[in-house]
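Each chain, written out:
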Amino acid sequence: MLDRRTSHDDLVDHLVRSTPLSRGEAARVVLDVLAYFDETTEEFVRRRHRELQSGGLTNADIFERITAELPYRAVAPPELSLRQLRRIVYG
């Protein structure tokens, strides 16, 4: 699957030239980065909540951190209130 030509071949070629990655590894990195930036706001909030909760943080600290991280996403979502964040996580 990774051997076929994609619309990101220029980027894969650049990574192969500028890093020690093989073509397959570079293609995988590109796909992983695209998947990361394809994540919706809701998916991001849920994922970060799980990650931070597993790290032992309390909800107050988790929601504060998520609120601080959201503006730095590739496409920043509108500012979300604490209530909106909780609704995303808990429904």
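Parameters at a glance
Residues numbered from 1 in each chain as written. Predicted model: local features only at pLDDT ≥ 70, side-chain atom pairs only at ≥ 80, totals over all residues. Heavy atoms only, no water. Helix = DSSP H or I, 4+ residues; strand = E, 2+ residues; numbered from the N terminus. Buried < 20%, exposed > 50% of the residue type's maximum accessible area, 1.4 Å probe, protein only. Expected span 1.5 Å × (residues − 1). Arc of directions from axis to C-beta. Contact = heavy atoms within 4.5 Å. Phe/Tyr/Trp six-rings, centres within 6.5 Å; stacked < 30°, edge-to-face > 60°. Lys NZ or Arg CZ within 6 Å of the ring centre and 35° of its normal. Patch = residues over 30% accessible without salt bridge, like charges linked within 9 Å, V, L, I, M, F, W, Y side chains within 5 Å. Areas by Shrake-Rupley, 256 points an atom, 1.4 Å probe, with all protein chains shown as cover. Salt bridge = Lys/Arg side-chain N within 4 Å of Asp/Glu carboxyl O. pLDDT = per-residue confidence, 0-100.

A.B. asks: What's the story with the overall build of the protein chain in this structure? I'm lost.
C.D. replies: Broken down by element type, the protein chain carries 5 helices and 0 strands. Along its sequence from the N terminus, the protein chain presents helices and strands in the succession α-α-α-α-α. By its C-alpha atoms, the protein chain is 45 × 25 × 20 Å across when sized along the principal axes. Classification of the 91 residues of the protein chain by burial places 23% in the buried group.

A.B. asks: Where do I start with helix α3 (residues 41-54) in this structure?
C.D. replies: Since one α-helical turn is 3.6 residues long, residues separated by three or four positions face the same way. Spanning 14 residues, α3 covers 20 Å between terminal C-alpha atoms, matching the ideal 20 Å at 1.5 Å per step. All of the buried residues in α3 are F44, V45, R48, H49 and L52. Projected down its long axis, α3 carries its buried residues within an arc of 130°, all on one side. For α3, exposure combined with an orientation more than 90 degrees from the buried face picks out R50 and S54. In this structure, the buried side of α3 is in contact with α4 (59-69) and α5 (82-90).

A.B. asks: Looking at this structure, I do not really get the packing of aromatic side chains. What am I missing?
C.D. replies: Working definition: an aromatic ring pair is given by the centre-to-centre distance plus the angle between the planes. Tallied over the entire structure, the rule returns 1 aromatic pair. On the numbers, 5.0 Å between centres and 85° between planes, the contact of Y36 with F37 is edge-to-face. Lying across the ring of Y36, R73 places its NZ or CZ 4.8 Å from the centre.

A.B. asks: Looking at this structure, how should I read a nonpolar patch on the surface?
C.D. replies: Side chains of V29, V33, Y36 and F37 sit close together on the surface and give an oily, nonpolar patch of about 340 Å² of accessible area. Examined against the element boundaries, F37 turns out to sit in helix α2 (residues 23-37).

A.B. asks: In this structure, what is going on with helix α1 (residues 9-18)? I would like to understand it.
C.D. replies: Those residues of α1 not exposed but buried are D9, V12 and L15. Within α1, the buried residues cover an arc of 125° as seen down the axis, which keeps them to one side. Among the exposed residues of α1, those oriented more than 90 degrees off its buried face are D10 and R17. Structurally, α1 contributes buried residues whose contacts are with α2.

A.B. asks: Can you walk me through the confidence of the model for the protein chain in this structure?
C.D. replies: Any segment with low pLDDT has predicted coordinates that should not be analysed in fine detail. Taken as a whole, the protein chain shows an average pLDDT of 90; of its residues, 93% reach a score of 70 or greater. When the elements of the protein chain are averaged for pLDDT, α2 gives the smallest value, 92, and α4 the largest, 96.

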